[in-house]
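A look at the structure
Chain by chain, the residues run as shown.
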Amino acid sequence: MTAEALPDSPHRQPDGSRWPVPPQDGYTVDELFTLDLPPHTELIDGSLVFVSPQRKFHTLAMYLLEQGLRSHVPDDLRVRREMAVLLGKRNAPEPDLVVVTAEADGDQRQTRYRAADVLLAVEVVSPDSEERDRDTKPLKYAAAGIPHFWRVEMSREHDRPVVWTYEYDAVTKAYVSTGVHHDRLKLSVPYDIDIDLTAIDRL
């Protein structure tokens, strides 16, 4: 990304540097991709959301699901991790995993996908992102018409992934629950998927 000077602010950090002041109406997607920002910064309702340090569970759950999704992915689809998805002028979240069409998967310099190119968005919930991953993002993914959404959380009993799966209902324009998966994630949509969730113990 190209560095761009940010507006001055009266709010100083302990080291004497200044916090950037967002535009009055918030940042836009176009501005997001011109600012010099930390990796994986998201844009939600015009506000920048920065990534906090993640638990080991987050890394392992992402790896497990990514490998499971890749193992049977059809030739016309691609599995990608931590890529921005454009949902509108002021929203560009970065799901932990997405399944996109091969046609939408451009060259190696690509930084984002359109919502119309995404079949599945996956969010692994972290302590600092619970509200966004449980409420804000699913609502926005559904509003953009993304067909499938998974929410992944750590079980209290074995610290293994529990996966809530949802499918878009075109009538209500919202997600409907299609299941809660504890030890095994076996689905036929968006394609045939079979993931042993207990395998996280061996990673």
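For the structure, see preceding data.
Conventions we followed
- Residues numbered from 1 in each chain as written.
- Predicted model: local features only at pLDDT ≥ 70, side-chain atom pairs only at ≥ 80, totals over all residues.
- Heavy atoms only, no water.
- Core = buried A, V, L, I, M, F, W, Y, C linked by side-chain atoms within 4.5 Å.
- Buried < 20%, exposed > 50% of the residue type's maximum accessible area, 1.4 Å probe, protein only.
- Helix = DSSP H or I, 4+ residues; strand = E, 2+ residues; numbered from the N terminus.
- Expected span 1.5 Å × (residues − 1).
- Bend = angle between axes of the 7 residues up to and from the residue.
- Contact = heavy atoms within 4.5 Å.
- Pairing = 2+ DSSP bridges.
- Right-handed = clockwise from strand over helix to strand, strands pointing away.
- Axes fitted to C-alpha atoms, helices over the stretch in contact; angles between N-to-C directions.
- Salt bridge = Lys/Arg side-chain N within 4 Å of Asp/Glu carboxyl O.
- Polar contact = N/O pair within 3.5 Å; in protein donor to acceptor, adjacent residues only side chain to side chain.

1. Some words on the nonpolar core
- Counting residues in each nonpolar core, the largest one holds 25 residues, and the members touching the most others are Leu65, Leu69, Trp150 and Leu185.
- Mapped onto this core, the elements with two or more residues apiece are helix H2 (56-71), strand E3 (77-81), strand E5 (97-101), strand E7 (118-124), strand E8 (148-154), strand E11 (184-187) and strand E12 (193-196).

2. Digging into helix H3 (residues 130-143)
- Over its 14 residues, H3 runs 19 Å from end to end, which matches the ideal 20 Å to within 8%, given 1.5 Å per residue.
- Along its length, H3 shows its largest kink, about 35 degrees, at lysine 137, and proline proline 138 lies within four residues downstream of that point.
- All buried positions along H3 are accounted for by Asp133, Lys137, Pro138, Tyr141 and Ala142.
- Looking at the packing, one finds that the buried side of H3 touches strand E1 (42-44), E7, E8, strand E9 (161-169) and strand E10 (174-181).
- Phi turns positive, to about 80 degrees, at glycine 145, one or two residues after H3.

3. Here's the deal with the pairing of E7
- Summarising burial for E7: six of the seven residues are buried, a large majority.
- Taken together, the five bridges between E7 and E8 define a ladder with parallel strand orientation. What sits directly across from valine 124, in E8, is valine 152.
- With H3 bridging E7 and its parallel neighbour E8, the resulting β-α-β unit is right-handed.

4. Brief notes about unusual backbone geometry
- Look at the link from valine 189 to proline 190: it is a cis peptide, with omega at 0 degrees.
- If you check the backbone angles, histidine 40 has positive phi at about 70 degrees while not being a glycine.
- Within the fold, histidine 40 resides in the loop between helix H1 (29-32) and E1.
- Positive phi values are uncommon outside glycine, yet aspartate 45 reaches one of about 50 degrees.
- A relative accessible area of 47% means that aspartate 45 is categorised as partly exposed.

5. Let's talk about the sheet that holds E8
- Taken in spatial order, the six strands line up as E3-E5-E7-E8-E9-E10 in an open sheet, and their pairing is mixed. The strands lining the two open edges of the sheet, one partner per strand, are E3 and E10. Neighbour-to-neighbour, the strand axes of the sheet open up by a mean angle of 20 degrees, direction not taken into account.
- Here H3 sits on the sheet and contacts E7, E8, E9 and E10; the angle it forms with E8, its principal contact strand, is near 170 degrees.

6. Structural notes on the pattern of salt bridges
- The full count for this structure, using the stated rule, is 17 salt bridges.
- The partner of arginine 132 in a salt bridge is aspartate 128, with the nearest N and O atoms 3.8 Å apart.
- Beyond isolated ion pairs, a larger network of salt bridges with shared partners links Glu42, Glu123, Asp133 and Lys137.

7. A closer look at the pairing of E10
- As judged from the seven bridges shared by E9 and E10, these two strands associate in the antiparallel manner. What sits directly across from valine 163, in E10, is histidine 181.
- Between E9 and E10, which pair antiparallel one after the other, the connecting turn spans four residues, and lysine 173 there sits at a positive phi close to 55 degrees.

8. Considering the side chain of aspartate 133
- The topology assignment puts aspartate 133 in helix H3.
- Assessed through its relative accessible area of 2%, aspartate 133 is described here as buried.
- A polar contact of 2.6 Å, which involves the side chain of aspartate 133, links it to the side chain of serine 129.
- Residues in contact with aspartate 133, not counting those within four places in the same chain, are Glu123, Val124, Val125, Ser126, Pro138, Phe149 and Arg151.

9. Details of the environment of threonine 111
- Its location among the elements puts threonine 111 in the loop between E5 and strand E6 (112-114).
- Overall, threonine 111 belongs to the partly exposed group, its relative accessible area being 38%.
- When the C-alpha positions of threonine 111 and alanine 61 are compared, they lie 23 Å apart, and in sequence the two are 50 residues distant.
- Those residues in contact with threonine 111, other than ones at most four positions away along the chain, are Phe33, Met83 and Ala84.

Fair warning: the whole summary comes from geometry, so function is off the table for now.
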